[in-house]
Amino acid sequence: MTMTISEAFARARQENRAALIPYITAGYPSLEHLESLVKALEAGGADLIEIGVPFSDPLADGPILQQAATEALARGVKVQQIFDRVKDLAVSVPLIFLTYVNPIYRRGIDRFITDSRRSGVQGLIVPDWPWNEMREAQETAQSQGVAMIPLVAPTSTDAHLKDIRNAAGFVYTVSVTGVTGARSQLNHGVGPLVERIRQHVHIPIAVGFGISTPEQARETGRVADGVIVGSALVRVIRDNRDDPSGSAESFVRAFRDALETK
Amino acid sequence: MAMMKSVPDARGRFGPFGGQYVPETLMPVLDSLTAAYREAKVDRTFHQEWMGLLKEYVGRPTALRQAFRLSEQLGFAVYLKREDLNHTGAHKINNTMGQVLLAKRMGKHRIIAETGAGQHGVATATAAALFGLHAEIYMGEEDVKRQALNVYRMKLMGAEVHTVHSGTRTLKDATNEAIRDWVTNVRDTFYVIGSVVGPHPYPMMVRDFQSIIGKEARRQFRQLTDGLPSHIVAPVGGGSNAMGIFYAFRNDPVSLVGIEAAGDGVDTGRHAATITKAERGILHGSLSYLLQDEDGQIQPAHSISAGLDYPGVGPEHAYFHDLGRARYESITDRQALLAFHQLAEWEGIIPALESAHAVAWVIQEREALQRLDAKVLINLSGRGDKDVDAVAAYEEGI
């Protein structure tokens, strides 16, 4: 039985730690790797898993995730194939899709959301689809039980925080102004930002962008309910082509261990 | 003829098109930009400063004159609006003067821009030099190669040029990189977008700055002929020169014709005829028409003209197309090249390859236009010096 998003966060909270949310790009290094990678992430201690549906022009992504998307598309990965593969995954932690607005719009907003639910995907993160432009999608998402994950940035206004107060799933907090990618320095302003968000919303708050070491994850986990790690994991997968799943599992386990020993 | 509705609405929509599809990080800055622009628009001082610059620095108004030998060859009257005579050689500077003035007013000291053919990059570097601001220009590797002259011009004026190696290495990817820079440096950076594309308020703001072309042309044409043209023809990549000349005529009984790049031909898969294909999609901040596959992946555009080599188009053009207020046709590389030569030989004017597409369509439609006893106004959006090397290379079969 697969946990819901709120159950996954609740379990982590009971264990007195932040939830761990790794990201991988579907089709990278190939679509055949998707199942073994997801299993590896789960085995390594992931609480939720983000799966990227590659887009040709990922303008919120840094070089590592751009390269992963470009390679996946060059191999001919199609959206329908990703839905089919994900549907067959036997996994107990919730799956979330991350993609851009055009692949959703092109498939048909309602159809994409319905297909997501049928494949067992519980939430959608769409970095170039602002909350106010998303209203037409909310009704379908609600009826299908798919959470449209709201994003909050360091520049976000209080008006935005009020707008998202009834959002489902969790809040994706972008820790820095910029694109995805490993950074050597954490933004220490993220603590106050998380506190600001907490005054408005009551769903869990996860933080992503630039978290690349277990130490950074531990530090972020002290203030947030969830820690998202993407580029650093995809880099490990890239650099260990002979054993992507094994290296991904030990990478994720190190993060999980760090979150447990805060 | 019914007056057209005033667009965009408060949410930046031109009918179903437009909007603001950008990361949340940028949403607050779009709000403050919209507010600052609305204030500037009704501020007499701002308007006077901008108009003063256009007159004394850019050299406006640009000439509008009948092309007599071309008219004689074709058998109907053809007029040219000479945007090629602007300082820096194209219409792009009308917009960059406005946006850089706005950047200064908002207290932003760092300017970034994307560029395809390099004309917008040059116009941005020019405006930044004039005001002592620092400009960084993103340009695809392909375009850096085919427009080497413009790269050098930008550097001469103190701009930094970043070569973009990702994706198709053209305007689309330069725009992605510029947006990534903007998301990162959002607090001190002003992004000068070069066409009527991007998230609201850019399509409206760029249209307003470029609409000086049509305002002048309408007045000049009436003085010259006592009437209005029957047709206005302009090339369309993103669509800023076309919207610039169309806008003042939108409520007049004038046929508005936008010419897209058919590249090797619209059925070859190597073209940039976005509106001709008319498939809706979302890229670079707005909903419009896009070249894309069945999954919504953006398809590479192709045109001999770097300025038309873009897989999207401004949302207001999509709106005009949807309403039937303008028609959009396409011209191949080969036809554009022929027109490039013909205008040079008949009128002593070397047009930009972009503008040559508009000239080529008028030549192609000569019989129909003759029957209508047409008075055709072509927007000659830029001069062709920048294209001479590319044309020579193409003709040598390289």
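Residues numbered from 1 in each chain as written. Chains lettered and ligands numbered in written order. Predicted model: local features only at pLDDT ≥ 70, side-chain atom pairs only at ≥ 80, totals over all residues. Heavy atoms only, no water.

A short note on the overall build of chain A
- Of regular secondary structure, chain A possesses 12 helices and nine strands.
- Computed over the C-alpha atoms, the radius of gyration of chain A is 17 Å, within 12% of the 18 Å expected from 2.2 N^0.38 for a compact globule of 262 residues.
- Considered along the principal axes of its C-alpha atoms, chain A spans approximately 45 × 40 × 35 Å.
- Looking at chain A residue by residue over its 262 residues, the buried ones come to 64%.
- Expressed as a percentage of contacts within chain A between residues at least 6 apart in sequence, the contacts between residues at least 24 apart total 74%.
- Distance between charge centroids for chain A: 1 Å, based on 27 positive and 30 negative side chains. (Helix = DSSP H or I, 4+ residues; strand = E, 2+ residues; numbered from the N terminus. Rg over C-alpha atoms; globule rule 2.2 N^0.38 Å. Buried < 20%, exposed > 50% of the residue type's maximum accessible area, 1.4 Å probe, protein only. Contact = heavy atoms within 4.5 Å. Lys, Arg positive; Asp, Glu negative; His and termini not counted. Charge placed at Lys NZ, Arg CZ, Asp CG, Glu CD.)

Overview of the sheet that holds strand E11 (residues 280–283) of chain B
All names here are of chain B.
- Taken in spatial order, the four strands of this open sheet run E1-E2-E12-E11, and their pairing is antiparallel. Of all strands in the sheet, those with a lone pairing partner are strand E1 (13–14) and E11, marking the two edges.
- Inspection of the sheet shows strand E2 (residues 17–21) paired to strand E12 (residues 285–289) by two bridges, in the antiparallel sense. Residue Tyr21 lies in a different strand from E12, and its bridge partner there is Gly285. (Pairing = 2+ DSSP bridges.)

Section: helix H2 (residues 34–44) of chain A
Residues and elements named next belong to chain A.
- For H2, every residue scored as buried is listed here: Leu34, Leu37, Val38, Ala40, Leu41 and Gly44. Buried residues along H2 cover an arc of 160° about the axis, so they all sit on one side.
- Tucked into the core, H2 has its buried residues touching strand E1 (19–25), strand E2 (49–52), helix H4 (79–87), strand E3 (95–98), helix H11 (231–239) and helix H12 (244–260).
- Positive phi appears at Gly45, one or two residues downstream of H2, with a value of about 115°. (Arc of directions from axis to C-beta.)

Describing the interface of chain B and chain A
- Between chain B and chain A, the residue contacts involve 37 residues of the former and 35 residues of the latter.
- When the two sides are added together, the surface that chain B and chain A hide from each other amounts to roughly 3,000 Å², 49% of it contributed by carbon and sulfur.
- If you sort the residues of chain B by the area they bury against chain A, Glu24, Arg180 and Asp295 of chain B come out on top, with a joint share of 22%.
- At the surface where chain B touches chain A, the tally comes to five salt bridges.
- At the surface where chain B touches chain A, the tally comes to 22 residue pairs in polar contact (both at pLDDT 80 or more). (Buried area = accessible area lost by both parts, 1.4 Å probe. Salt bridge = Lys/Arg side-chain N within 4 Å of Asp/Glu carboxyl O. Polar contact = N/O pair within 3.5 Å; in protein donor to acceptor, adjacent residues only side chain to side chain.)

Notes on the packing of aromatic side chains
- This model, assessed by the stated rule, comprises 13 aromatic pairs over all chains.
- Grouped by ring-pair contacts, the aromatic residues Phe83, Phe97 and Phe112 of chain A constitute a single cluster.
- Taking the ring centre of Tyr247 of chain B as reference, the NZ or CZ of Arg250 of chain B above it sits at 3.9 Å. (Phe/Tyr/Trp six-rings, centres within 6.5 Å; stacked < 30°, edge-to-face > 60°. Lys NZ or Arg CZ within 6 Å of the ring centre and 35° of its normal.)

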